[in-house]
Amino acid sequence: MASGDEDDPIIEEIDVYLSKSLAEKLYLLQYPVRPGTMTYDDVSHLSAKIKPKQQRLELEMAINTMSPNYCRSKGEQIALNVDGTSYDETNTYRAKMMDKQTFSSMQATTNTSRYAAAVFRKGELHITPLTGILQMRPSFSYLDKADSKTREREAANEGGDSSQDEAEEEAKAITVRFARPESEQARQRRIQSYEFLQKKQAEEPWIHLQYHGAKDSRSDHEKQYLYCQSVDASQNSELVKTPKEYLAMLMPPLAEEKIAKPVGPSNVLSMAQLRTLPLGEQVKTLMKNVKVMPFANLMGLLASGTDQTSVLRCIQQVALLVQGNWVVKSDVLYPKNTCSAHSGVPAEVLCRGRDFVMWRFTQERSVMRKEIASIIKLPPEDVKEFLEHVASPRVNRGWEFLLPTDADFIKKHPDVAHRQNMLWLGIQSKLEKVFSFSKEDFMPKNPPQPAPVHVSGVQRLKIAQERAHENQASLQRDMDGRRAGSSIQIKQEPNSDGAEELMDTSSSIHNGSVNGYPSAASPCMDHTNGGSPSNSLTPELQDFVIKTFQKHVVLTLNELKRLFNLYLASIPAGQNVFSSISDHMLQDAVLLCQCKQIMVPFPAQSKLAPDERKVFGLWETGDNFDKHRRLLYDLFTKNHRVRRNVIQARLAQDLGDVSKAEVDRLLHECCISSAGFWYLKGTLQS
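The structure presented is a predicted model; accordingly, all values stated were derived computationally and were not measured.

Student: Just give me the short version of the pairing of strand β14 (residues 391-394), but keep the residues and values in it.
Tutor: Pairing between β14 and strand β15 (residues 398-401): four bridges, direction antiparallel. Bridging from a neighbouring strand, Ser 392 pairs with Glu 400 of β15. Between the end of β14 and the start of β15, which pair antiparallel, lie three residues, with Asn 396 showing a positive phi angle near 65°.

Listed below in structure tokens is the structure:
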């Protein structure tokens, strides 16, 4: 030891003092975007503010606009984007150019217990603990303000085009709901949310500070607080330690390291964690998360070698058999003394409603949501949740059970299937008392089908020949009747997907019309009348079309067919003078009655039916307003929706000065508005 001390002798002993005068107010500021040789000491500091609890500091510094490195045009452009052209006291850059920049702080570390600022004077070292270490970086919040200004201008431009008619919206029914009491779990989630933390941070007010430079007299005065005011050893007991205590501080005893388990969402359980649970809890957890599952899938999720009999015993405690698949019980999803997350309905009521939904799926593959809701009388949100657990929506078929019937399980385990069937009978009897229904209410009302009759090949051939002769005679009579103009009821023909329409969509007689327009090769084409068909139609049909278009001006083929069928229904029995009318014949009548088809370019993703895409408009009435309508129709051949200012500009360009009343009349006659755009009647997808 002696030789070691001789090799490394003590040169000087320095007394260390702990100063606490600035212990709660001392921050170390770092500027990582600039080298240490380029300080901000000579830069003018315009303002400073701080949030002490969050340790957030903002400094506003001037920019030397007279520097040869400053681009004046860029500075003026940034100021224009941020503040606009108008002058206001709240403007960020009042000099009409970017003449300042803001530095915002970011915590370099949250634990500053190991950091301190030290000054050395007259052989004494004085240290002061740091409150925080902040890295100051340029803030670009002015870009957010510029973006918001741009969005405001765009919104103002779009909103300015709409007329008072567009602003008026139809009254809509609203649903009033009362907030349910917040649970402790929901409260914890809300407190930990990003939105809540942002709100709490915004609640702390800014404290405005006054900046003093490094050479300012006030700064020299504050520096004196870095020195310990009392050099008495009793006042610095924190630094007075015995050798044993000092050694323990340098080399603290080893503590048992705790393995930190990864924290995941509360509703997520890994398969490794799942298999540490008892078998019953494993089955319950899986069913609670999956809701509906075949037995084979359940066995695949459990550990290999699991006893099938034990699993069957556990699954029957937490699930019910529906179409050979296991569906989690309602009381597992909705425990006692809980309520609906949507409506606040108690768990007991929810369980009864969900049991009814499950029972219905034991009877049929598909159910109708309206039928379910009318019986259990629960809010729509809860009914939808019940159905989403076990079914999926199908077009024109209601809600279909999620999984196919597992006939293999029923065949392999008939005793379990029988036991579950008896259980469902008991549940059915309870539900019948609660909801006042009987099983017969849901039985199909179709009459029993007769037993199939076996017919030989010779008999089939003979029957087919007889039907062909009958059809030929019927078609001949129909043709003769058309030529003679006989009175027959309107024809009904099935459309392409098998459903029946009010009118047929294809004529058995070619009338030279293609998609509502007459074909140029048609023998009954009158080329002197703007391409309209010249085949003679009944005066009654023409009279109906003329009066209808004089009233509605613009109609789709679908709407015209609906009005025509209403007109037929209003005619007294025995006075119907119309022959068999097809879609093409109705379109020909429209084209003969001073109307034309408007070829609207609908977007590819439009879901309008073919008859809703065929739009017809009144073309000629003999008054001066025909020009206005034709210009409007021309605009709609270029786009399926048009803004009001575009319509006004086109009318002014072709017709000169057009009054607001004329524009309003034109739009009221031919169009409807939605979200600032105008659409031809019947072309707005609902």
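The structure having been displayed, the exposition proceeds.
Student: I'd like a rundown of the packing of aromatic side chains, residues and numbers included.
Tutor: Throughout the structure, instances matching the rule amount to 14 aromatic pairs. Between Tyr 31 and Tyr 40, the ring centres sit 5.0 Å apart and the planes meet at 45°, which makes this aromatic pair tilted. Classification of Tyr 31 by relative accessible area gives partly exposed; the value is 24%. Each ring, one from Trp 619 and one from Tyr 633, has its centre 6.2 Å from the other, and the planes form 25°; the classification is stacked. Here Trp 619 is found in the loop between β20 (615-618) and α24 (626-636), whereas its partner Tyr 633 is found in helix α24, with 14 residues between them in sequence. The class of Trp 619 is partly exposed, set by a relative accessible area of 25%. Residue class for Tyr 633 comes out buried when judged on its relative accessible area of 2%. An aromatic cluster of at least three residues, connected via ring pairs, comprises Tyr 31, Tyr 40 and Phe 103. Sitting above the plane of the Tyr 40 ring, Arg 34 keeps its charged end 4.2 Å from the centroid.

Student: Can you break down the nonpolar core residue by residue, with the values?
Tutor: Counting residues in hydrophobic clusters, the biggest one holds 53 residues, and the most contacted among them are Met 287, Leu 298, Ile 315, Trp 326, Phe 356 and Phe 361. It is helix α14 (residues 347-363) that provides the largest number of residues to this core, a total of eight residues. Discounting chain neighbours no more than four positions away, the residues touching Ile 315 are Val 283, Met 287, Leu 298 and Trp 326. In terms of nonpolar packing, the next biggest core, distinct from the first, is built from 45 residues, Met 585, Cys 595, Leu 631 and Phe 636 among them.

Student: Let's hear about the packing of α14 against helix α15 (residues 369-376): which residues, and what values?
Tutor: Running from amino to carboxyl end, α14 crosses α15 at an angle of 140°, the nearest separation of the two axes being 10 Å. If you check the angle between α14 and α15, you find them oblique. Judged by the twist between their axes, the crossing of α14 over α15 is right-handed. Residues Gly 353, Phe 356, Val 357 and Arg 360 of α14 form the contact with α15, whose own contacting residues are Glu 371, Ile 372, Ile 375 and Ile 376. A class-by-class count of the residues in the contact of α14 with α15 yields five nonpolar, one polar and two charged.

Student: Describe the sheet that holds β14, and please don't skip the residues or the numbers.
Tutor: Taking strand neighbours across the sheet as the criterion, the three strands line up as β13-β15-β14 in an open arrangement whose pairing is antiparallel. Each edge of the sheet is formed by a strand with only one pairing partner; in this case those strands are β13 (366-367) and β14.

Student: Break down unusual backbone geometry for me, with residues and values.
Tutor: Even without a glycine there, the phi angle at Gln 55 is positive, about 55°. In this fold, Gln 55 is placed in the loop between β3 (45-51) and β4 (56-62). In this structure Gln 55 comes out as buried when scored by relative accessible area, which is 15%. Even without being glycine, Lys 377 reaches a positive phi, approximately 55°. Topologically, Lys 377 is positioned in the loop between α15 and α16 (380-390). Residue classification places Lys 377 among the exposed residues on the basis of a relative accessible area of 66%.

Student: Got a sec to walk through the side chain of Thr 128? Specific residues and values, please.
Tutor: By the element assignment, Thr 128 lies in strand β7 (residues 124-129). Residue classification places Thr 128 among the buried residues on the basis of a relative accessible area of 0%. Beyond its immediate chain neighbours, meaning those up to four positions away, Thr 128 contacts Ser 19, Leu 22, Ala 23, Leu 26, Ala 116, Ala 117 and Leu 226.

Student: Any chance you could break down a nonpolar patch on the surface for me, citing the residues and the numbers?
Tutor: A grouping of Tyr 246, Leu 247, Leu 250 and Met 251 is seen on the molecular surface, where their side chains present a nonpolar patch of about 470 Å² in accessible area. Mapped onto the elements, Met 251 comes out in the loop between α8 (243-250) and α9 (271-274). A relative accessible area of 62% places Met 251 in the exposed class.

Student: Go over the pairing of β3 with me, naming the residues and quoting the values.
Tutor: Bridge count for β3 against β4 is six bridges, and the pairing is antiparallel. Counted as the bridge partner of Lys 49 is Glu 58 from β4. Linking β3 back to β4 in an antiparallel pair, the connection comprises four residues, with Gln 55 at a positive phi of about 55°. Here β3 runs beside strand β9 (residues 207-209); their pairing, made up of three bridges, is antiparallel. Bridging across to β9, Ile 50 finds its partner in Ile 207.

Student: Can you explain the environment of Leu 560? Please cite residues and give values.
Tutor: Structurally, the position occupied by Leu 560 is in helix α21 (residues 557-570). In this structure Leu 560 comes out as buried when scored by relative accessible area, which is 1%. For the pair formed by Leu 560 and Phe 616, sequence separation is 56 residues and the distance between their alpha carbons is 9.3 Å. Filtering out sequence-adjacent residues up to four positions away, Leu 560 remains in contact with Phe 544, Thr 548, Phe 549, Leu 555, Leu 586 and Val 590.

Rules behind the numbers
- Residues numbered from 1 in each chain as written.
- Predicted model: local features only at pLDDT ≥ 70, side-chain atom pairs only at ≥ 80, totals over all residues.
- Heavy atoms only, no water.
- Pairing = 2+ DSSP bridges.
- Helix = DSSP H or I, 4+ residues; strand = E, 2+ residues; numbered from the N terminus.
- Phe/Tyr/Trp six-rings, centres within 6.5 Å; stacked < 30°, edge-to-face > 60°.
- Buried < 20%, exposed > 50% of the residue type's maximum accessible area, 1.4 Å probe, protein only.
- Lys NZ or Arg CZ within 6 Å of the ring centre and 35° of its normal.
- Core = buried A, V, L, I, M, F, W, Y, C linked by side-chain atoms within 4.5 Å.
- Contact = heavy atoms within 4.5 Å.
- Axes fitted to C-alpha atoms, helices over the stretch in contact; angles between N-to-C directions.
- Parallel < 35°, antiparallel > 145°, perpendicular 65-115°, else oblique.
- Left-handed = near helix turned anticlockwise from the far one by under 90°.
- Nonpolar A, V, L, I, M, F, W, Y, C, P; charged D, E, K, R; others polar.
- Patch = residues over 30% accessible without salt bridge, like charges linked within 9 Å, V, L, I, M, F, W, Y side chains within 5 Å.
- Areas by Shrake-Rupley, 256 points an atom, 1.4 Å probe, with all protein chains shown as cover.
- Salt bridge = Lys/Arg side-chain N within 4 Å of Asp/Glu carboxyl O.

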